Amino acid sequence: MWFERYPQCASASLRQRLTNRKGAQGAWFELLLHETLLRLGCDVRVTDTDNTDKTPDFLAGHGDQNCHIEATTIDPADNPSAEDRNLEDAVAKIKTLDSSDFQLRLIVEGRISRTLSKNELEDKFGKLLVGNDPDEVRRGIREMGDESAPYAEIRGRNWCLRGELQPISDAQKVEGGSRELLIGPMGSYSGDASREVREGVLKKAKKYDRLDAPLIVAVNVLDIRFDRETENSALFGKEQVRYSPNHPEIPAQLVRKPDGVFIQGGHKPRYTRLAGVIFFDGFVPHNPRGSVCLYVNPFGYNTALPQPLYELPHAKGVDGRLNRVEGVDVGFLLDAKSPFKNSGQP
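Residues numbered from 1 in each chain as written. Predicted model: local features only at pLDDT ≥ 70, side-chain atom pairs only at ≥ 80, totals over all residues. Heavy atoms only, no water.

1. As for the sheet that holds strand β13 (residues 274-281)
1) Next: Read from one edge to the other, the open sheet built from eight strands follows the order β1-β2-β3-β8-β13-β14-β15-β16, with strand pairing classed as mixed. This sheet does not close on itself; its edge strands, each paired only once, are β1 (43-46) and β16 (321-325). Adjacent strand axes in the sheet meet at a mean angle of 25°, parallel and antiparallel pairs treated alike.
2) Next: Of the pairings in the sheet, the one linking strand β2 (residues 58-62) to strand β3 (residues 65-74) comprises five bridges and is antiparallel in character. Bridging across to β3, Phe 58 finds its partner in Ile 69.
3) Next: Across the sheet, helix α9 (residues 228-236) is in contact with β13, β14 (292-296) and β16; its angle to β14 comes to roughly 25°. (Pairing = 2+ DSSP bridges. Helix = DSSP H or I, 4+ residues; strand = E, 2+ residues; numbered from the N terminus. Axes fitted to C-alpha atoms, helices over the stretch in contact; angles between N-to-C directions. Contact = heavy atoms within 4.5 Å.)

Printed below as a string of structure tokens:
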């Protein structure tokens, strides 16, 4: 078992966190990370034995090379954004409305950027619930489909909250029948998770002054919006289009805004003491599989990492370009069911 291979000096603290609902996800990721490092062939010491955050979590070594590794988990459920709270608030207010004839299918596109007042919700959705004949609505849906259902919308610059009428069935109307006013909400969220990921990495990178070995931040991201572009945006800056309105003959260029972990305003490197970041995409206890990638900081002052870390899929700057190398499948590595894939060395 993974836990049996975890050092005894830190196992009591880890066990306590694993049984604490609030800290279980982070503790489980530390256990997974420890096991991953062992199976890669690293010597691993737990340096933050009592979870005081005075030192990074692990010291991983191989031969004469060592690096500190700090683990963190980014889960939007732990820290709901203001936009998420705005949606929850709107749903709670809409639930205070009533109708004996209709349910309301609620659909949200984008992320609601402001608090919606009860008056404007009643004005849109309250009027919708009382201003339509249920037999006509039912007939329209039967003949032309759900898209014919009457609806009301509240729109912002980059978001829309839409409510569609759904007639209540006769079975729900009988005495003792149950129904909910709302069906949904169904979300269709735009944007990405790069801001949350960037801030999560920076929070860890800022914790420590210069250490006696390179520092790696390992991040388990539990966000459905997380993808390869999110990784690039968080570390190297978000994509933007550069063009000259005074010289339209010059083609537009796709460039990156200098707002990533590795680069800042003025295109100056920052956090050069951070040697790199390992992204784990959505690893959870019931399914410890997902994509992994080690990004080596091209501006880091010390990036002499233990060689086994380069068995992971990794990306490293070579001649001004980001060179990606396919490495071990961590899910199979942990199950010990598959040998390494072809993995080049940097």
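2. Here we look at the packing of aromatic side chains
1) Next: One pass over the structure, following the stated rule, counts eight aromatic pairs.
2) Next: Residues Phe 279 and Tyr 295 carry aromatic rings whose centres are separated by 5.9 Å and whose planes lie at 70° to one another, so their mutual orientation is edge-to-face. Pair noted here: Phe 279 is in strand β13 and Tyr 295 is in strand β14, with a separation of 16 residues, a long-range link.
3) Next: An aromatic cluster is defined as three or more aromatic residues linked by ring pairs; in this entry it consists of Phe 226, Phe 236, Phe 262, Phe 279 and Tyr 295.
4) Next: If you follow Arg 162 out to its NZ or CZ, it ends over the ring of Tyr 151, 3.6 Å from the centre. (Phe/Tyr/Trp six-rings, centres within 6.5 Å; stacked < 30°, edge-to-face > 60°. Lys NZ or Arg CZ within 6 Å of the ring centre and 35° of its normal.)

3. A look at the environment of Glu 231
1) Next: Mapping Glu 231 onto the fold places it in helix α9.
2) Next: Residue classification places Glu 231 among the buried residues on the basis of a relative accessible area of 4%.
3) Next: Leave out the neighbours within four places in its chain, and Glu 231 touches Phe 226, Phe 279, Cys 293 and Tyr 295.
4) Next: Engagement of the side chain of Glu 231 in a polar contact is seen with the side chain of Tyr 295, the distance being 2.5 Å. (Buried < 20%, exposed > 50% of the residue type's maximum accessible area, 1.4 Å probe, protein only. Polar contact = N/O pair within 3.5 Å; in protein donor to acceptor, adjacent residues only side chain to side chain.)

Read these as geometric descriptors, not functional statements.
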